[in-house]
Structures are given as structure tokens and as C-alpha cells.
Amino acid sequence: MTSTPNDAFDLRGVLLSGFLPAALFAVGEGAIIPIIPIAADSLGATLAIAGFVASLILVGELIGDVPSGVVVARIGERNAMIGAAVVSVVGLLVCTAAPNPVVLAVGVFLVGLSTAVFALARHAYMTTAIPLRIRARALSSLGGVFRFGYFVGPFLAAGVVHLTGTTQSAFWVHVVCCLGAAVVLLVIRDPATGVRGLQRPRRASRPAGASGPAAASGTDPAERAGEQFVQAESEGLFRTLRHHHRVLVRLGSGAALIGAMRAGRQVILPLWAVSVGLDDSAAALVIGIAGAVDFALFYTSGQIMDRWGRLASALPCMLGLSVCYFLLAGSDHLDARVGWFVAVAMAMSLANGVGSGILMTLGADLAPADRPAPFLGAWRFTGDVGSAAAPLVISGVTAVASIAVASGVMGVLGLVGAGILLRYVPRYLPRTLR
């Protein structure tokens, strides 16, 4: 990236090298996420075990956050994304050949590990490449790429499952997408270096206007802590956690609950689909249409954050998801359970879409100006704690009580998360961003 104030950043290059691989990866991920619990069910798993297997992709992402900051800092964002795509293919091949839920769980876990590295590398690249004035719109657009994947992927999965007659065949969609993402990264020039393919890692620097909140206010605690270690070649996750423990415990707990609400949605909707009696292709179709609603709001979310601040997006998202979880909990004994499920799935997507990109934007706002990958790895770790814990909570409560009780528990957690964000976002972000 250029660094002079009057130079415009290379938008086309960023779109091709940052958004296109992310879009391919997201399509593949969107194809397999709603299929994982259904595939586990087809291999003989109980409803609770199916939820546990589905949660392992998020557990893998959580554990993958531990080395991902170091990996990205040492080998570079582009190399890390290519390597992660290849490792993900290995895990997906295990899933396609799985004869039982245990082997399927191993493959899903491996996919989660590689997803963590790919996601952090992409986030670090966009943090350094995008000017502050359009950061929220750019990162919410990146969030929109996920929504695009979650919209297109289930349709592709439904088509493949219908044609082949086997649920596990949907994993081949992600195999093709991972290989496509790796090829794009190898062929397209990096706008920062002008070279193709694998390359030596470079020291990242933000373009003009891409500084963190310290540049805007001079008082950001995360930035001051970051100055203590940005000169190091790379930092481990746990050292970074110590340097930034205040912001990560306080505001990071809110991020964890955002991750929990979103991850819980991805698991609880397929489980409710199974509970109300929808078949595999119908469940994928409903979740795909809900993904279209989610996808339609990604740029609106960025405009809200850039114009009115981060809380204007985060609070409606959390409160809306909480209400939807409570509505699911109250629908357990209704006669029109299928229709109620479809309506709540659409409302959940509406609430989630309003908060598109909020976690990535908050992380970029707090990250040190140079080498943001270690901090972003720690930030993603806090968010992924919630993402990994929520499906485990849902499967555990479902096993002990019922899926309706699990939905109610998630609704309460959403209200707690909204309160945390309302308290700590103003404390850690300058007035122009909060």
C-alpha cells in the first residue's frame, strides 16, 4: 500500500486480492455449516451429539487463534491464506470419507483450525490496507462477503445433496472453493508488492488515514499497550493477552457474547429444522433464504457505523438476536411450528445483518498501527471463545433440558452482551468512532 497522504489506495487490487478469495472461502463454509449437524445425524448421532460435532468447527477456530497471530506475522497474510486453504482441503476430505460421527468430528475440527488462520490473515490485511474514513464500510462489506457465502453456499449444498443423494457430498463444495481461493491468491498480484504467488512477509504499515483510535484521540489504552511490543518481529497470543488484558477482558467479553449469539444462531437453526421435521434440502433452502436477508444489509451496517458510530450497529444487532432467541423458545408447543421457525429465521438474519462487520471493525479500531496481527489474533480469540462456547452450551442444555430452554438461555446472554457493549465501547473508542 502507498503511504503518502494524497495517494489513493488501490481499491481494485484490494477487491481482487482480499475480497475474492474471502468470497470463495465463505461460499464453501456457508455450504457445509448447515450440513454438519445433518451429516452427523445421518451417521447415527443423537441430536445433542450432532450439535456437538457442529460446534467443533468453532472450537477449532478458537484453538487455531493461539498460533495464528504468530503464523501470519512470520509468513505474511497472503502465504498464510494459501496454506490455510490447503489444510482446510485435507480436513474436508476427511469429512467426505467419514464412516461415523467421530471421524466426521476430526475433519470438522481440522477445518476449524485452518479457518482461524485464513480469517486472521484476511482481517490483518484489510486492517492495514483500508483508510479509517471508510473502515467500517470496507469491513462490513467483508462481513457481507460472509453473508454472500452463507446465502449461496446452502443452495449449492442443497443442489449437490439432491443430485447425489448423500449429505456428505456437500463437503466437496468447500473443497472446490478452497482450491479456487488458493489459485486466486497465487495468480493475482498483491497490490502492495506487485508480485504474484507466495512471497516474503513484509512489515505492514497503514495507509494514510488508517490509524487506530490513538491517532484520533491520543488516549486509547489498547494503542498505548500496543506500542510496547509492535517493534518485535512477532508476538505470541498469551503475551499479547497480557499487554491488552484490560480492553480484552472488558470490551472483549462483549465481543465474546456477539460471537456467541451469532455462532449459536448457526447451530440452533439447523437443530430446530431437524426438531420441527424439515428434510435436509428444505432446511438448507430455508437457511439459504435467511442468508439472503442477512446479506442484503451488509453495506447498510457499514454506513451506520461510519456515520453514527459502532454502538448504533452493535446494540440493535444484539437486542434483535435476543428477542429472536426468546421467540424460538416460546414456539416449542405451537401448532404452526414450521411457519414460526421460518419467520424467526428471517428475523434473526435481519438482526444479524445490522451488525455485519462489527467485530472486525472494533478489532481494527483497537489494533496497534504496525503489525496488527498479534493483537487481532488475541481479539479474535476473545470473540471465538463465545463462538466456540455457544454451540457447546446449546448442545449441553438441549441434552439436559430441551432445545427451547437452550434458546432462552441464549436470549439472556444477548441482553447481557448488549449491556457490556453499552458500557465499554464509549470507554475505549474516541467519540468520533463510538
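A. How the structure looks around a nonpolar patch on the surface. There is a patch of nonpolar side chains on the surface, built from Leu319, Phe326, Val412, Leu415 and Val416 and spanning about 410 Å² of accessible area. Counting residues per element, the ones that place at least two in the nonpolar patch are helix H14 (311-329) and helix H18 (403-428). With 3 residues, the single largest contributor to the nonpolar patch is H18. With respect to the helices, strands and loops of the structure, Val412 is situated in helix H18. In this structure Val412 comes out as partly exposed when scored by relative accessible area, which is 44%.

B. Looking closely at the side chain of Arg122. Inspection of the secondary structure puts Arg122 in helix H5 (residues 101-129). Apart from residues no more than four positions distant in its own chain, Arg122 is found in contact with Gly18, Ala22, Met81, Leu142 and Phe146.

C. Up close: the packing of helix H16 (residues 358-366) against helix H17 (residues 373-400). Two numbers describe how H16 lies on H17: the axes approach to 10 Å, and their chain directions differ by 140°. By the criterion of interaxial angle, the relationship of H16 to H17 is oblique. Note that H16 runs across H17; the crossing there is right-handed. For the pair H16 and H17, the contacting residues are Leu359, Leu362, Gly363, Ala364 and Leu366 in the first and Phe375, Leu376 and Trp379 in the second. Across the contact of H16 with H17, the residue classes break down as 7 nonpolar, 1 polar and no charged.

D. Layout of the pattern of salt bridges. For the structure shown, the criterion picks out 4 salt bridges. Ionic pairing is found between Asp306 and Arg137, a salt bridge with its closest N-O pair at 2.7 Å. With a gap of 169 residues between them, Asp306 in helix H13 (residues 298-308) and Arg137 in helix H6 (residues 135-164) connect regions that are remote in the sequence. For Asp306, a relative accessible area of 23% corresponds to the partly exposed category. Two residues, Asp365 and Arg310, come together in a salt bridge whose shortest N-O distance is 2.8 Å. With Asp365 in helix H16 and Arg310 in the loop between H13 and H14, this residue pair connects regions lying 55 residues apart in the sequence.

E. Structural detail: the packing of aromatic side chains. Applying the stated criterion to the full structure yields 1 aromatic pair. For the pair Phe25 and Phe118, a centre-to-centre distance of 4.2 Å together with 10° between the ring planes defines the contact as stacked. Here Phe118 lies in helix H5 and Phe25 lies in helix H1 (residues 11-32), a separation of 93 residues in the sequence. Residues Phe25 and Phe118 agree in their burial class; the two are buried. The ring of Trp308 has Arg307 lying over it, and the distance from NZ or CZ to the ring centre is 5.4 Å.

F. Spotlight on the nonpolar core. Core analysis: the largest hydrophobic core is formed by 110 residues, its most contacted members being Leu104, Leu251, Trp379 and Leu421. For this core, the element with the highest residue contribution is helix H11 (residues 245-276), accounting for 16 residues. Apart from residues no more than four positions distant in its own chain, Leu421 is found in contact with Leu251, Gly254, Ile258, Leu311, Ala314, Leu315, Met318 and Pro426. Formed by 17 residues, the second largest nonpolar core is a distinct cluster that contains Leu139, Val145, Met360 and Ala364.

Scoring rules and cut-offs
- Residues numbered from 1 in each chain as written.
- Predicted model: local features only at pLDDT ≥ 70, side-chain atom pairs only at ≥ 80, totals over all residues.
- Heavy atoms only, no water.
- Patch = residues over 30% accessible without salt bridge, like charges linked within 9 Å, V, L, I, M, F, W, Y side chains within 5 Å.
- Areas by Shrake-Rupley, 256 points an atom, 1.4 Å probe, with all protein chains shown as cover.
- Salt bridge = Lys/Arg side-chain N within 4 Å of Asp/Glu carboxyl O.
- Helix = DSSP H or I, 4+ residues; strand = E, 2+ residues; numbered from the N terminus.
- Buried < 20%, exposed > 50% of the residue type's maximum accessible area, 1.4 Å probe, protein only.
- Contact = heavy atoms within 4.5 Å.
- Axes fitted to C-alpha atoms, helices over the stretch in contact; angles between N-to-C directions.
- Parallel < 35°, antiparallel > 145°, perpendicular 65-115°, else oblique.
- Left-handed = near helix turned anticlockwise from the far one by under 90°.
- Nonpolar A, V, L, I, M, F, W, Y, C, P; charged D, E, K, R; others polar.
- Phe/Tyr/Trp six-rings, centres within 6.5 Å; stacked < 30°, edge-to-face > 60°.
- Lys NZ or Arg CZ within 6 Å of the ring centre and 35° of its normal.
- Core = buried A, V, L, I, M, F, W, Y, C linked by side-chain atoms within 4.5 Å.

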